[in-house]
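Structural overview
Each chain, letter by letter, is given below.
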Amino acid sequence: MSPDLATDLCRLLSIEVPVVQAPMAGVTTPEMVAAVGNAGGMGILGSGGTPPEELRRQIRRVRELTDRPFGANLVLHSQLHPPTDAATIPEAVVEEVQAQLNRFRRRLGLPEKSGRPPNPPHFVDEAFRVILEERVPVFSIGLGKPTPEMGRACRQHGIRILAMAATVADAVELAASGVDAVVAQGGEAGGHRSTWVKPGSPGRGAIGLMVLLPQVVAAVSVPVLAAGGIMDGRGVVAALALGASGVFMGTRFVATHESAASEAYKAALIASDSDSTTLSDAFTGLYARMLRNTLTEEYAASGAPVFPAPLQQAALEDVRGTATARGDGEFFPRYTGQGVGMIRGREASGEVVRGVVAEAREVLAALARRAR
Ligand SMILES: Cc1cc2nc3c(=O)[nH]c(=O)nc-3n(C[C@H](O)[C@H](O)[C@H](O)COP(=O)(O)O)c2cc1C
């Protein structure tokens, strides 16, 4: 008989297996979230920059496809909520950033720009209201902590809160704020470092999961999920051995059939090895792990400053949009974790969950025999 993988997290979230598909703005789709739920895990919609009515549409679409629990994510970084006002950026910084971006614009044949970027629309409060109104079972937070009002509103609506931290101190703060479970994000993870204050260098807040996870487990009394580099059943067993109650997997789902990532992005992930990533703030102003490309490398080499979030992304919109439309991976961000070297090809999201769980069961049984 294969060992049962149900943990306290499964009971907390009413799911069968402790595999959670991480929210990934621009990549997750209702189809992905539903496929993961129907396979017994839990999927989470990413929503950074998604207009609230589009988020509502996605939530309702998930419900058409599954009756299983799922989540919706908001990014609550201190530079994003409330958002930095472009009027506060010093003139010298505006000139330096635009001069650097103009080097990329010239290469792409785009008109040069000067002056402050536009303040993009701010959706967080309205998006949170949608999550409450739609009674999404799980509210997931990246790069921030819930306000006391958010915590109260979620409790009143019967919504569980999962929040992500990249350091032990932040995990302790999240647990004290009353969240139902903490996600420990190791430095291997794809996407943004989950801190609410930008660290002074990319290496800060990027602690390997192997050492972060047991320390977070020891420091908090709520269930802990492991995020960062978990790509298969061996990773699930390792995370459970280090005290996690479940896993939070992003990178493995980026190249699935249900992912909204472009074909060029998926192909680049399949072709990349684990040494292909870097931590860069060039695309959004906050450090994120992605595939190295011309833009990350030349921006870092230039020594130019970046605008705070959300203004760096707003300033880069023309570069990023043009490169994305052309499939030119050298100038748009391809977020991925160090586990990218373990992506084998395009696959179905439900099959990822079923395969990871079957492998975890086999690994557990084999381990018991091997280590007798
Ligand atoms: C393409 C991509 C986009 C991401 N977008 C978000 C996001 O919108 N919100 C968030 O909280 N985390 C986001 N993350 C981080 C994930 O929540 C998670 O920490 C990470 O994927 C786990 O590590 P792994 O990628 O090695 O599996 C993103 C990760 C990736 C790979």
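Residues numbered from 1 in each chain as written. Predicted model: local features only at pLDDT ≥ 70, side-chain atom pairs only at ≥ 80, totals over all residues. Heavy atoms only, no water.

**Things to note about helix H9 (residues 233-241)**
Operational definition: For every residue, the accessible area obtained with a 1.4 Å probe (protein chains only) is divided by the maximum for its type, and the residue is called buried under 20%, exposed over 50%, and partly exposed between those limits. Counting from the N terminus, the helices are the DSSP runs of H or I reaching at least four residues and the strands are the DSSP runs of E reaching at least two. Whether two residues touch is decided by their heavy atoms; if any such pair falls within 4.5 Å, the residues are in contact.
For H9, every residue scored as buried is listed here: Gly233, Gly235, Val236, Val237 and Ala239. If you follow the buried residues of H9, they end up packed against helix H8 (209-219), strand S8 (224-227), strand S9 (246-249) and helix H15 (349-370). One or two positions beyond H9, positive phi appears at Gly243, with a value near 105°.

**Some remarks on the side chain of Gln21**
Operational definition: Definition of a polar contact: a pair of N or O atoms within 3.5 Å, with one able to donate and the other able to accept a hydrogen when the atoms are protein atoms, and with sequence-neighbouring residues admitted only if both atoms are side-chain atoms.
By the secondary structure assignment, Gln21 is in strand S1 (residues 19-21). The buried category is assigned to Gln21, whose relative accessible area is 0%. In terms of polar contacts, Gln21 uses its side chain to reach the backbone carbonyl oxygen of Ile44, at 3.0 Å.

**Here's the deal with the site of the ligand**
In plain terms, the rule: Definition of nearness: a residue and a molecule or strand are near each other if at least one heavy atom of the residue lies within 4 Å of the molecule or strand. Only the protein chains shown count as cover for residues, with accessible areas throughout obtained via the Shrake-Rupley method and a probe of 1.4 Å. Each residue gets one label: Ala, Val, Leu, Ile, Met, Phe, Trp, Tyr, Cys and Pro are nonpolar, Asp, Glu, Lys and Arg are charged, and the others, such as Gly, are polar.
If you check the shell around the ligand, you find 22 residues, and the closest are Pro23, Asn73, Gly229, Gly250 and Thr251. Take Ala25: an N or O atom from its main chain is 3.1 Å from an oxygen atom of the ligand. Between an oxygen atom of the ligand and a side-chain N or O atom of Thr251, the distance comes to 2.6 Å. Coverage of the ligand by the protein amounts to 96% of the 600 Å² it exposes when considered alone. Elements with a minimum of two residues in the shell around the ligand: strand S3 (71-75) and S9. Here the residues of the shell around the ligand sort into 13 nonpolar, nine polar and no charged.

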